[in-house]
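Structure assessment
Chain residues, written in single-letter form:
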Amino acid sequence: MSERFSPEQQQLLALAAVFEAAQLADDVAQRGDCDPKAFEGLIAGVMALDADDFDSIYAHPALLREGVSLLNRSLNKESRGANLRPLNYGLALLHLAGKLRKNEDTVSILRNRLLALSGQQAHFDKFSDDAFCHRIAGIYVDTLGTFRFRIQVKGDPAHLQDDDKAARIRALFLAGVRAAFLWHQLGGRRWHLLFHRKRLLSLIDSIDINNL
């Protein structure tokens with residue numbers, strides 16, 4: 001159990017990780033790049049297969065600042081224009097994670113593929129390597145990509161048609177689903193976004209993202 005964060009704060013930060021993944025995916029789609037440290041942190045969370053507590057999955061919560069900020073703006077109903085894209089991606093990732101939880105066969109395939117990749121991890125310098133991102137993206141396509149529900153990404157066509165950048169977006173979406181699984185495991189539910197809005201905002205204030 002985290003000594004830094006209460007169970008409710010951990011739940012909030014897991015939700016923020018979903019929106020962090022959504023924000024970074026939007027960054028890649030719009031400008032072709034994103035915060036490399038935050039990207040590494042989210043992909044590391046995907047590869048923490050047997051971890052079931054927040055600290056083991058997200059060892060550096062400061063990397064979730066953008067996700068906390070996006071969540072804060074959304075709950076304050078300040079999301080409009082450019083903010084709506086990552087917000088919609090985040091909500092779509094929560095929906096996708098819900099579908100995955102109901103499909104034990106796909107969960108099993110996903111886990112086995114990630115375990116196999118984990119065994120080959122030493123062959124890659126870091127999680128942000130293009131080759132590693134393509135492996136993660138391939139796992140996303142072969143599992144979550146088989147569902148009828150698809151996330152429609154908007155961005156610069158030059159970036160969306162670039163295989164390396166498209167792989168990063170898919171890797172981030174898998175990271176977002178992983179975060180959504182943790183959020184649900186910690187007690188988070190989608191209806192909380194509607195009916196616990198004030199409580200979630202007070203939790204954001206209690207965390208103080210500038211001092212994560």
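Our subject is the structure that appears above.
In what follows, the accompanying structure is described. The residue count restarts for each chain, going from 1 along the sequence in the order it is written. Local features in this predicted model are restricted to residues of pLDDT 70 or higher, and side-chain atom pairs are both shown and tallied only at a pLDDT of 80 or more, whereas totals for entire chains, interfaces and linings draw on every residue. Note that the side-chain values use all heavy atoms of the structure and ignore hydrogens as well as water.

1. Remarks on the nonpolar core
Counting residues in hydrophobic clusters, the biggest one holds 74 residues, and the most contacted among them are L42, Y58, L114, I136 and L174. Here this core gets 14 residues from one element, more than from any other, and that element is helix 1 (residues 7-31). Should any heavy atoms of two residues lie within 4.5 Å, those residues are considered in contact. Those residues within four positions of L42 in sequence are excluded, and the remaining contacts are A17, E20, A21, L24, Y58, L64, L172 and A175. Nonpolar cores were defined as sets of buried Ala, Val, Leu, Ile, Met, Phe, Trp, Tyr and Cys residues, with membership established by side-chain atoms within 4.5 Å. Residue exposure (1.4 Å probe, protein chains only): buried if accessible area is under 20% of the type maximum, exposed if over 50%, otherwise partly exposed. Secondary structure elements follow DSSP: runs of H or I of four or more residues count as helices, runs of E of two or more count as strands, with numbering from the N terminus.

2. As for helix 1
In a helix, the anticipated span is given by 1.5 Å times the number of residues less one. Between its first and last C-alpha, helix 1 extends 36 Å over 25 residues, near the 36 Å set by a 1.5 Å rise per residue. Taking burial as the measure, the 25 residues of helix 1 include 21 buried ones, the bulk of the element. Positive phi appears at G32, one or two residues downstream of helix 1, with a value of about 90°.

3. With respect to the packing of aromatic side chains
In summary, the pairing rule links any two rings of Phe, Tyr or Trp, Trp by its six-membered ring, whose centres are within 6.5 Å, and it sorts them by plane angle into stacked for under 30 degrees, edge-to-face for over 60 and tilted for everything else. Applying the stated criterion across every chain yields a total of 6 aromatic pairs. Aromatic pair F5 and F54: ring centres 6.1 Å apart, planes at 85°, arrangement edge-to-face. With F5 in the segment before helix 1 and F54 in helix 3 (residues 54-57), this pair connects stretches of sequence that are 49 residues apart. As far as burial versus exposure is concerned, F5 and F54 are alike and both buried. The structure contains a cluster of three or more aromatic residues connected by ring pairs, namely F5, F54 and Y58. The criterion is that NZ of a Lys, or CZ of an Arg, lies within 6 Å of the ring centre and within 35 degrees of the ring normal, and then a charge sits over that ring. The side chain of R101 reaches across the aromatic face of F181, ending 5.8 Å from its centre.

4. Digging into helix 7 (residues 130-142)
With 13 residues, helix 7 ought to run about 18 Å at 1.5 Å a step, and its terminal C-alpha atoms sit 18 Å apart, in line with that. Restricting attention to buried positions, one finds in helix 7 the residues F132, C133, I136, A137, I139 and Y140. The arc that holds the buried residues of helix 7, viewed along the axis, is 155°, so those residues lie on one side. Considering only its buried residues, helix 7 is in contact with helix 2 (36-47), helix 5 (84-101), helix 6 (104-119) and helix 9 (163-185). This arc is taken over the directions from the axis of the helix to the C-beta atoms.

5. Examining the packing of helix 5 against helix 9
The interhelical angle for the contact between helix 5 and helix 9, taken along N-to-C directions, is 70°, at an axis separation of 8 Å. Taken as axis vectors, helix 5 and helix 9 run roughly perpendicular relative to one another. For helix 5 against helix 9, the interelement crossing comes out right-handed. Mapping the contact onto sequence places Y89, L93, L94, L96, A97, L100 and R101 in helix 5 and F173, G176, V177, A180, F181, W183 and H184 in helix 9. Axes here refer to lines fitted to C-alpha atoms; in helices the fit is confined to the stretch in contact. Angles between the N-to-C directions go from 0 to 180 degrees. For classification purposes, angles smaller than 35 degrees are called roughly parallel, those larger than 145 roughly antiparallel, those between 65 and 115 roughly perpendicular, and all remaining angles oblique. The crossing is said to be left-handed when, going from far helix to near helix, the turn is anticlockwise and less than a right angle, and right-handed when the turn is clockwise.

6. Comments concerning the packing of helix 4 (residues 65-75) against helix 11 (residues 197-207)
At a closest axis distance of 10 Å, the pairing of helix 4 and helix 11 adopts a crossing angle of 145°. In this structure, helix 4 meets helix 11 at a crossing whose hand is left-handed. Taking contact as the criterion, the partners of V68, L71, N72 and L75 in helix 4 are, on helix 11, R197, L200, L201 and I204.

7. Quick look at the pattern of salt bridges
One side-chain nitrogen of Lys or Arg within 4 Å of one carboxyl oxygen of Asp or Glu is enough to make a salt bridge. Scanning the model with the defined rule gives 7 salt bridges in all. Of the charged contacts in the structure, one is a salt bridge between R111 and D50, with a shortest N-O distance of 2.6 Å. Linking R111 in helix 6 with D50 in the loop between helix 2 and helix 3, this pair joins segments that are 61 residues apart in sequence. Relative accessible area serves as the criterion here: at 34%, R111 is assigned to the partly exposed category. Here R168 makes a salt bridge to D130, at a shortest N to O gap of 2.9 Å. Pair noted here: R168 is in helix 9 and D130 is in helix 7, with a separation of 38 residues, a long-range link. The exposure class assigned to R168 is buried, which follows from its relative accessible area of 18%.

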